[in-house]
Amino acid sequence: MTDAMKTRLGITVSFMPVVVTIVFALILRNESTDQNAASWSMWCVLNAIIAGSMFAKGNKDAWLPAGYTVGTLFVSIILIGKGSWHFGFVETTCAIGAGIAMILWWFSSARAATIIGCAAMWISSVPILVDTWRAPDPRFWWLWATGAIAAITATILAPRWSVEHRLFPISSGIFNTWMTGLLLYTLFFG
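This text gives an overview of the structure that appears in the document. (Residues numbered from 1 in each chain as written. Predicted model: local features only at pLDDT ≥ 70, side-chain atom pairs only at ≥ 80, totals over all residues. Heavy atoms only, no water.)

## Looking at the side chain of threonine 69
Put simply, the rule reads: A helix here means a DSSP run of H or I that spans at least four residues, while a strand means a run of E at least two residues long, and both kinds are numbered starting from the N terminus. By definition, residues are in contact when any of their heavy atoms lie within 4.5 Å.
Along the polypeptide, threonine 69 turns up in helix H3 (residues 63–81). Setting aside chain neighbours within four positions, we find threonine 69 in contact with Cys44, Asn47 and Ala48.

## Quick word on a nonpolar patch on the surface
Under the convention used in this document: Residues enter patches when their relative accessible area tops 30% and they take part in no salt bridge; the joining distance is 9 Å for like charges and 5 Å for the nonpolar side chains Val, Leu, Ile, Met, Phe, Trp and Tyr. The protein chains shown are the only cover counted for residues, whose accessible areas, like all others here, come from Shrake-Rupley with a 1.4 Å probe. For this analysis, a salt bridge means a side-chain nitrogen from Lys or Arg found within 4 Å of a carboxyl oxygen belonging to Asp or Glu. Only protein chains enter the accessibility calculation, which uses a 1.4 Å probe; a residue is then buried when its area is under 20% of its type maximum, exposed when over 50%, and partly exposed in between.
Together, Trp141, Tyr185, Leu187, Phe188 and Phe189 make up an exposed nonpolar region whose accessible area comes to about 610 Å². Here the nonpolar patch takes 4 residues from helix H7 (residues 163–189), the largest share from any one element. Along the polypeptide, leucine 187 turns up in helix H7. In this structure leucine 187 comes out as partly exposed when scored by relative accessible area, which is 42%.

## Some details on the nonpolar core
Our working definition: We define a nonpolar core as any set of buried Ala, Val, Leu, Ile, Met, Phe, Trp, Tyr and Cys residues linked to one another through side-chain atoms lying within 4.5 Å.
Trp40, Trp144 and Phe168 are the most contacted members of the largest nonpolar core, which has 32 residues in total. Secondary structure elements with two or more residues in this core: helix H1 (3–30), helix H2 (37–56), H3, helix H5 (110–134), helix H6 (141–157) and H7. Looking at this core, the element that brings in the most residues is H2, giving 6 residues. The contacts of tryptophan 144, once residues within four sequence positions are left out, are Trp40, Trp43, Ile128, Phe175, Asn176, Met179, Thr180 and Leu183.

## Structural notes on the pattern of salt bridges
For the coordinates displayed, the defined rule picks out 2 salt bridges. For the salt bridge of glutamate 31 with arginine 139, the shortest nitrogen-to-oxygen distance reads 2.5 Å. One end of the pair, glutamate 31, is in the loop between H1 and H2; the other, arginine 139, is in the loop between H5 and H6, and 108 residues separate them in sequence. For glutamate 31, a relative accessible area of 32% translates into the label partly exposed. The salt bridge partner of arginine 139 is aspartate 137, with a shortest N-O separation of 2.7 Å. Look at the salt bridges and you will find they share partners, linking Glu31, Asp137 and Arg139 into a network.

This is the structure we're talking about:
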């Protein structure tokens, strides 16, 4: 596969999460479902920062976090507009942790920013993991499965094994696969 083909495939795969999260946002707009606006909003900000850090470090193929930024922005707007915002102990703790990580990011190199950004992403994922564990909604397994497919494909297409090229897609692939597994388990065995 040529480099141009890899780039086109990478961009295409990175827009898959954009499309499915916009569909998800439209479903959220019309239905009552419990989603954690705190996680979605923190993901939007962190994805933008990670994409910027990866591009700044020279990774011109950082389309996955850029795509996630657009998708999470749509979901965040819908959730905040619906008044689905709840900010309890878990959300506050995670926001503080993500905030500390972002302060550290401000004073670090682009490589360190990618690492710190991924750590902050995991911290900001805790509220939605807790909510999904407590009250899973298996109807949306496809959202997380698409994210997993995109992340795994981006990992495979990355031009080299470096923090800037593979940490975010590997981290994203693990999280999205975990969410997919949890929801499919609930769908079939719950």
